[in-house]
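# A closer look at the structure
The chain contents come next:
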Amino acid sequence: MVALPSPDPPTSATPPAADRTATHLARNLTSLRHARGLTQQQLARGTTLPRSTIANLESGAGNPSLAVLVKVAAALGVPIDELLAAPRALVRHWPADEVAARSKGRGVQVRDLVPEPVPDEMMELMDFEPGAVMGGTPHLPGTREFFSCLDGRVHLMVAGERYALQAGEVLAFPGNLPHSYQNADALRPARGVSVVVLAKAGV
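The structure reproduced in this document is the subject of the present report. (Residues numbered from 1 in each chain as written. Predicted model: local features only at pLDDT ≥ 70, side-chain atom pairs only at ≥ 80, totals over all residues. Heavy atoms only, no water.)

### What about helix α2 (residues 40–47)?
Along α2, the residues classified as buried are Q40, L43, A44 and T47. For α2, the buried positions fall inside an angular range of 105° around the axis, keeping them on one side. Facing away from the buried side of α2 by more than 90 degrees, the exposed set consists of R45 and G46. The first or second residue beyond α2 is T48, which carries a positive phi of 60°. (Buried < 20%, exposed > 50% of the residue type's maximum accessible area, 1.4 Å probe, protein only. Helix = DSSP H or I, 4+ residues; strand = E, 2+ residues; numbered from the N terminus. Arc of directions from axis to C-beta.)

This is the structure:
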């Protein structure tokens with residue numbers, strides 16, 4: 001009887017999580033470095049790491065420590081999770097019922113303007129019923145807020161001072177100050193967009 005060779009062990013179609021993370025890191029690091037016009041040597045100098053470490057990470061073979069990731073992320077000006085993130089779909093359509101709206105204050109509906117996470121930013125579309133009022137949430141010092149009035153008239157109170165905005169006008173203010181919003185019209189609705197640029201940790 002002729003012995004048949006044993007079959008090869010089955011292989012998983014999905015690579016282990018550690019391998020996927022290393023692949024994501026390699027792709028994201030290379031892309032971010034190129035976007036900033038940096039060579040591997042220039043990035044290495046900015047991180048105080050050897051160039052060979054950067055090359056190893058970009059090859060997908062690296063297994064970096066948290067300290068290395070912190071240095072690389074800081075040199076590129078991105079959060080660590082952006083270095084490790086899986087690729088996003090190039091095109092995605094969100095039906096209206098998948099973009100959740102929530103009520104805030106009295107008569108204000110708020111929903112995310114961008115459904116995907118955006119590092120260090122919050123962007124919201126705000127719909128005000130006639131006479132609606134909403135208190136803002138103070139953030140850390142260094143945060144910057146922008147409110148663009150799209151339709152109607154919105155009054156903002158920032159640190160006790162009132163600012164009246166009409167359609168097309170924008171107000172910027174430090175996000176750590178107490179603030180609130182009010183639809184100045186008791187008969188017509190109003191709409192605006194709020195963009196919050198969050199302070200970076202340690203800044």
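This is not the end of the story, as more comes after the structure.
### Things to note about helix α4 (residues 66–76)
Turning to α4, its buried residues number three or more, namely V68, L69, V72, A73 and L76. Mapping the buried residues of α4 onto a view down its axis gives an arc of 125°, with all of them on the same face. Exposed residues pointing more than 90 degrees away from the buried face of α4 are listed as L66 and A74. Note on α4: the residue one or two positions beyond its end, G77, has a positive phi of about 70°.

### Remarks on the pairing of strand β3 (residues 121–135)
Note that strand β2 (residues 106–112) and β3 share six bridges and pair antiparallel. Across the sheet, R111 pairs through a bridge with L125, a residue of β3. In this structure, β3 lies alongside strand β9 (residues 190–197), joined through eight bridges in antiparallel fashion. Across the sheet, the residue bridging to D127 is R191, located in β9. Pairing between β3 and strand β8 (residues 179–183): three bridges, direction antiparallel. Note on β8: the bridge partner recorded for V133 is Q182. (Pairing = 2+ DSSP bridges.)

### A few points about the pattern of salt bridges
One pass over the full model with this rule turns up four salt bridges. Between R102 and D112 there is a salt bridge, with its nearest N and O atoms 3.5 Å apart. With R102 in strand β1 (residues 101–104) and D112 in strand β2, the pair connects residues that are ten residues apart, well separated along the chain. Residue classification places R102 among the partly exposed residues on the basis of a relative accessible area of 31%. On the accessibility criterion, D112 (32% relative accessible area) is partly exposed. The partner of D127 in a salt bridge is R191, and the shortest N-O contact between them spans 2.6 Å. Taken together, the residues span a long stretch of sequence, with D127 in strand β3 and R191 in strand β9 at a distance of 64 residues. Looking at D127, the relative accessible area reads 24%, which means it is partly exposed. Three or more residues joined by partner-sharing salt bridges are found here, namely R102, D112 and E124. (Salt bridge = Lys/Arg side-chain N within 4 Å of Asp/Glu carboxyl O.)

### Examining the packing of α2 against helix α3 (residues 51–59)
The N-to-C vectors of α2 and α3 enclose an angle of 115°; their axes lie 8 Å apart at closest approach. With respect to α3, the element α2 is oriented roughly perpendicular. As for the relative orientation of α2 and α3, their crossing is right-handed in sense. On α3, the residues touching Q40, Q41, L43, A44 and T47 of α2 are R51, I54, A55 and E58. Across the contact of α2 with α3, the residue classes tally to four nonpolar, three polar and two charged. (Axes fitted to C-alpha atoms, helices over the stretch in contact; angles between N-to-C directions. Parallel < 35°, antiparallel > 145°, perpendicular 65-115°, else oblique. Left-handed = near helix turned anticlockwise from the far one by under 90°. Contact = heavy atoms within 4.5 Å. Nonpolar A, V, L, I, M, F, W, Y, C, P; charged D, E, K, R; others polar.)

### Focus on the nonpolar core
Of all hydrophobic cores here, the largest spans 16 residues; its most connected members are M126, F128, F147, V154, L156 and Y181. Those elements that provide at least two residues to this core are β2, β3, β4 (144–151), β5 (153–158) and β7 (170–174). Ranked by residue count, the leading element in this core is β3, at four residues. Leaving out residues up to four positions away in the same chain, Y181 has contacts with M126, F128, A132, V133, M134, G136, E145, F147, H155, L156, F173 and S194. Counting 15 residues, the second largest nonpolar core, distinct from the first, contains L43, A44, L57 and V78. (Core = buried A, V, L, I, M, F, W, Y, C linked by side-chain atoms within 4.5 Å.)

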